Amino acid sequence: MTVAATTKTGVRPSWAGRRPPAPAWVGTVPFLAYVAIFLLWPTGIVVINALKNPNGAWAFANLSELGNPLIRGYFIGSFKLCLLSAVAGAVLGAILAYAVASGDPDGLIRRLYLSVSGVLAQFGGVTLAFAFLVTIGPVGLLFHASWYFDFPWGIGLIYTYFQIPLMVLVFMPAIDGLKVQWREASENLGSSAWQYWRYVGGPLLAPAFLGGALLLFANALSAFATIQAWENQIAYIVPQQISTAMSSEVGLSSVNVASLLALGLVIMVAIVMTIYTLLQRRAARWLR
Amino acid sequence: MNTLVAAAKKEGTLNVIALPPTWANYGTIINTFEKNYGITVNSTLPDGTSQQEVDAVKQENGSPKAPDVLDVGLAVALANTKLFAPYEVSTWSDIPAAQKEPSGLWYEDYGGYMAIGYEAKFGTITSLSQLLTPKFKGAVALNGNPTAANAALNGVMLANLAEGGTPSDISKGVAFFHQLKQVGNFNPISATGATIKAGSTPVVFNWDYLNLSSYVGVPGWKVFVPSGVALGGYYAQAINKNAPHPAAARLWEEFLYSQASTGGQNLWLQGGARPVEQQAMTSAGTINTSAASTLPSVSGTPVFLSQSQSSDAATYLATNWAKAVG
């Protein structure tokens, strides 16, 4: 083969005797295949089902259903819950992250907080709902909160349980990126603590903070098992209504409605993640 | 029958779905069937809903793991008859005509009446309006979301009938739950065996066979049925027309509809459910009388929701339920 190559061109190719170099895109094939199978394909199915009627014919009029007050109500419910839990989680998480970050960078406290946050950020679902049920539910061990079922306050409180640790994890790198020299420089120039935060620290952290809040928003959007175990006799948020539309045994099940709701969620997540990416890009300038 | 047994034994396996072992005595029923015929029963998704059973039949069509037999709510049975194989069990004539599809695509199996189960600490409930008093703060739950779960829809219907509503108009039931919500007595937690045992859902609207003290596992658990309201509901059996084990599926139905003392009908009865052949068995003297005597007594003319009544109720709930209790 080497001989053939040399005789043909008269020049030894640089890869003579070795395998020909693979084109650069080959390395991305596994990733692209993964994304295609687990993201694009299911999303395509959702979009197609959302635009069909139960007989399988195209029905673009389905989209107008998104304006139906009933369906809009589930999106408003989702928005309220996500906003509440994202704002509460972001503010409290940021304060906690700052408190931890200002300690010893290799200290026990910091390592403890980070590992605990890593675990709790993933703690959700039926276990979490049940934990709250037995502490502040109708027969709560701690107390009987009278507002625990008022949507979105009760469930919002439960969501902060995994939102705050997630904020600590995503916001910590931004705080670590605040160089101590900047603080020294501003103090040398005679600024007060308030001025430092108003003109230096605040603007630097703002994109990371808002980005973190958006991530929490998207995180809350898809949470389902927790609220379903907490209050499942009414659908407040979109994922709950998708479940009803998929599994109703009283004749209200419709794959098309479920897909339409899912499509609405996809659009919501797409908007949130686009803004998140833009903010991250801005925040990244200061973290190098 | 002997050829059927031989063919079923040759298949050796039966796939069932959505049969909770503590529900209507299904644990014992499955064990007895396995012991009698030496056939292994694969039970999947024990807590599934009727719709999920049908979904499994469609998704696993042709696979050896597809469900052979189904136990579904009537609305789901009626909507999916094209998935079923017709079969008439040998006791076919003992099933009341209104409770089976004439060609044998589906046939009701067991059922019960809606009742309100509650913990003994509340004393004795004698009327529905008592549930609105402060004693029941945050206590009153349904078994699921009435726009999704049949048992919950019937729970709202029970309140509706007790409040003077009619089977074709569920609005008075929704209004009652709206009142419950306003006085703070409505409890939106998903009522399961675990929440009842933990005391988180101390008052539950549910089928009477799921409201037995032995089923919920709460000592002193009581049952209240509003006077004159007998709201019944039956589940239905059907055979998957592409069942991977067709003979075992038919043998299973024969077993479920057997009137023997350890046959399906009497075993359901021992689980607190009312078998569909109960009347015929009472006249024939094949019924387990001690089990029959423990059933909660029902007064008034039994009401069974027709297909259109049930779908009207569901449509009304779809628009009004979330508004009423949200």
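Quick look at the structure, then. Note that the structure is a prediction, hence the values are computed from the model and not measured. (Residues numbered from 1 in each chain as written. Chains lettered and ligands numbered in written order. Predicted model: local features only at pLDDT ≥ 70, side-chain atom pairs only at ≥ 80, totals over all residues. Heavy atoms only, no water.)

1. What about the overall build of chain A?
Stage number 1. Looking only at helices and strands, chain A has 11 helices and zero strands in total.
Stage number 2. Listing the helices and strands of chain A from first to last along the sequence gives α-α-α-α-α-α-α-α-α-α-α.
Stage number 3. Compactness check: chain A gives a C-alpha radius of gyration of 26 Å against a globular reference of 19 Å for 288 residues, more than 25% above the reference.
Stage number 4. Its C-alpha atoms give chain A principal-axis dimensions of roughly 85 × 75 × 35 Å.
Stage number 5. Split into buried and exposed, the 288 residues of chain A put 39% on the buried side.
Stage number 6. Considering only residue pairs separated by 6 or more positions, chain A has 69% of its internal contacts joining residues 24 or more positions apart.
Stage number 7. Approximately 16000 Å² of chain A is accessible, and the part contributed by carbon and sulfur atoms is 70%. (Helix = DSSP H or I, 4+ residues; strand = E, 2+ residues; numbered from the N terminus. Rg over C-alpha atoms; globule rule 2.2 N^0.38 Å. Buried < 20%, exposed > 50% of the residue type's maximum accessible area, 1.4 Å probe, protein only. Contact = heavy atoms within 4.5 Å. Areas by Shrake-Rupley, 256 points an atom, 1.4 Å probe, with all protein chains shown as cover.)

2. Quick look at helix H5 (residues 126-136) of chain A
Stage number 1. Within the sequence span of H5(A), burial applies to A:Leu128, A:Ala129, A:Phe132, A:Leu133 and A:Ile136. The buried side chains of H5(A) occupy one side of the element, clustering within an arc of 140 degrees when seen end-on. Exposed positions of H5(A) whose direction lies more than 90 degrees from the buried face are A:Val126 and A:Thr127.
Stage number 2. At its buried positions, H5(A) is contacted by helix H6 (153-176) and helix H9 (225-230) of chain A together with helix H7 (193-198) of chain B. (Arc of directions from axis to C-beta.)

3. Concerning the pattern of salt bridges
All names here are of chain A.
Stage number 1. Across all of its chains, the model carries four salt bridges over all chains by this definition.
Stage number 2. Between Asp176 and Arg110 there is a salt bridge whose closest N-O contact spans 2.7 Å. Of the two residues, Asp176 sits in helix H6 while Arg110 sits in helix H4 (residues 108-120), which places them 66 residues apart along the sequence.
Stage number 3. Exposure remark for Arg110: the relative accessible area of 12% places this residue in the buried category. (Salt bridge = Lys/Arg side-chain N within 4 Å of Asp/Glu carboxyl O.)

4. Overview of the pairing of strand E3 (residues 69-73) of chain B
Residues and elements named next belong to chain B.
Stage number 1. Summarising burial for E3: five of the five residues are buried, a large majority.
Stage number 2. Summarising the sheet, E3 and strand E9 (residues 230-240) pair through five bridges and their orientation is antiparallel. Bridge pairing links Gly73 to Tyr235 in E9. (Pairing = 2+ DSSP bridges.)

5. Focus on the packing of helix H3 (residues 69-101) of chain A against H6(A)
A pair of packed helices is captured by two measures, namely the crossing angle of their axes and the spacing between those axes.
Residues and elements named next belong to chain A.
Stage number 1. At a minimum axis separation of 6 Å, H3 and H6 run at an interaxial angle of 45 degrees. The angle between H3 and H6 falls in the class oblique. You can see that H3 and H6 cross each other, and the crossing is right-handed.
Stage number 2. Along the lines of polarity and charge, the residues of the contact of H3 with H6 split into 21 nonpolar, six polar and one charged. (Axes fitted to C-alpha atoms, helices over the stretch in contact; angles between N-to-C directions. Parallel < 35°, antiparallel > 145°, perpendicular 65-115°, else oblique. Left-handed = near helix turned anticlockwise from the far one by under 90°. Nonpolar A, V, L, I, M, F, W, Y, C, P; charged D, E, K, R; others polar.)

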